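A closer look at the structure
Each chain is listed here by its residues.
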Amino acid sequence: MNENRLLVMDDDADVGAFFGQVGEDLGFDVRVIADPDKFSSVVMEFSPTVILLDLQMPGKDGIELLRELASLDRNPKVLIASGLDSRVLTTAQELGTSMGVEVAGAFCKPIALDELEVLLVRLKSQTKIITVNHLRQAIEQGQLVVHYLPKATLKSPGRWIIEGAEALVRWEHPEYGLLYPKEFIGLAEESGLIVEVTDFVFRASMEQARVWFAKGLYMELGVNLSAQFLGDLGFPDRLLTLVRENNLDPSMLTLELTETAAMNDPSVALDILARLRVKNINVCLDDFGTGASSLTHLYRMPFSEVKLDNQFTNDMRLRADARALVEGLIYLAHKLKMRACAEGVEDEGTLEMLEAMNCDKVQGHLIGAAVRAKDLEAIVERWNTRPINQSRTAAAR
Ligand code: C2E
Ligand code: MG
Ligand code: MG
């Protein structure tokens, strides 16, 4: 349930709809009612965190509703609105407060959009307000950045070498600081802006790979792909064009799909994945084991790699069943001619166990966290020159 719920009580349907729209744009769940007789029942059922209350209505007026609200077992913040002069508003505010209602503000109608936004934003100050428009502006104004999560490949016993990185998008928000994908990817997917976001990630990371390559640093790229792209038959060709424009080899690119993303429309997805593979672009099943796991899809879809979710890797040191599961999944991946990558490797012991299980690739804070491009170079330098781990598989066996 959305933690911010706005109830708009206004007898003028147009004004109510306008207030409601502003609330929605700010991330509230919104209910708009024009009939004061429904006020109490909607308050009880919807449990608003903020109520925008018009004082002047035919039948019951706003003051009566404040009294009703005081008797209910709900404690929303109330914004009072009125077309009357500000003295009436002040009086209503004092009355409401004396009844025990939390009156958070009052304003004269009509109110300018930005003034109303400021009032509502203040009432959800604990929460970050991220709208589609903000995200669109962020893309246009270059506020998105890519951070790189290093990925190491097992080259020979005890020798894991970073030769790739996963591109992870972040938003350098002018007000909230660095925002992580979980705070805006959902919104991007719902609004369709994910196309622009992903396009940015592709372009930025490929350009970066080209810069690294020119410096003698070979970095394969992993890019996360939302479900939408698996319904877009033109995507494989467009992507290949972009790869060529950047003078990159398609085989250095891996697209990461989560199980839900991969499962939406199996026949179209299959077509797209097969064509990506034909073009030598790798596809990886991400977070394997967390979604609605389906071995059928693992069997049917032409993945080149399976990425085992953090939760299994995290538990390996403590739980024999987690170790059994990881070992079994790596074995299964290999039998299906796929590489296995373990996510979330945070300590040497886990790395050694994974090596003993023939895991091909690893990611996680032991190797390095997701960082800016310039900081990745130092991680690669440090990790790739560390002494070979002689104890390697012994500890795991
Ligand atoms: P993911 O693809 O599974 O990415 C791995 C996440 O685990 C990243 O979080 C990474 O920072 C984190 N991680 C890596 N190593 C460790 C570790 O050792 N311990 C722990 N505790 N965490 C670790 P992040 O960057 O917040 O990304 C979260 C998810 O957002 C990603 O999960 C991916 O599904 C999605 N995402 C990121 N960038 C994009 C993008 O450009 N497009 C799309 N569609 N999704 C993206
Ligand atoms: Mg991923
Ligand atoms: Mg993952």
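Heads up: these notes are all about the structure in this document. (Residues numbered from 1 in each chain as written. Chains lettered and ligands numbered in written order. Predicted model: local features only at pLDDT ≥ 70, side-chain atom pairs only at ≥ 80, totals over all residues. Heavy atoms only, no water.)

Describing helix α8 (residues 194–214)
Compared with an ideal rise of 1.5 Å per residue, which puts 21 residues at 30 Å, α8 spans 30 Å between its outermost C-alpha atoms and is within 8% of the ideal. Phi turns positive, to about 90 degrees, at G216, one or two residues after α8. (Helix = DSSP H or I, 4+ residues; strand = E, 2+ residues; numbered from the N terminus. Expected span 1.5 Å × (residues − 1).)

A look at the coordination of the magnesium ion (ligand 3)
For the magnesium ion (ligand 3), the full set of protein donor atoms is D286 (OD), D287 (OD), E343 (OE) and E343 (OE), at a range of 2.0 to 2.7 Å. A gap of 3.9 Å separates the magnesium ion (ligand 3) and the magnesium ion (ligand 2), which D286 links by coordinating each metal. Placement of the pair is D287 in strand β11 (residues 282–288) and E343 in the loop between β13 (339–342) and α15 (348–356), with a sequence separation of 56 residues. Residue classification places E343 among the buried positions, given a relative accessible area of 11%. (Donors = N, O, S within 2.8 Å, 3.2 Å for Na, K, Ca; no water. Buried < 20%, exposed > 50% of the residue type's maximum accessible area, 1.4 Å probe, protein only.)

Some words on the coordination of the magnesium ion (ligand 2)
Bound to the magnesium ion (ligand 2) on the protein side are E166 (OE), N224 (OD1), E256 (OE) and D286 (OD), at distances that span 2.0 to 2.2 Å. Written as a sequence motif, the donor arrangement for the magnesium ion (ligand 2) is E-x57-N-x31-E-x29-D. Under the relative-accessibility criterion, D286 is labelled buried at 4%.

As for the pairing of strand β10 (residues 253–258)
For β10, the tally of buried residues reaches five of six residues, placing the bulk of the element in the interior. Of the pairings in the sheet, the one linking strand β9 (residues 220–224) to β10 comprises four bridges and is parallel in character. Bridge pairing in β10 links N224 to E256. Examined bridge by bridge, β10 and β11 share five bridges and lie parallel to one another. When the bridges of β11 are listed, T254 appears paired with N282. (Pairing = 2+ DSSP bridges.)

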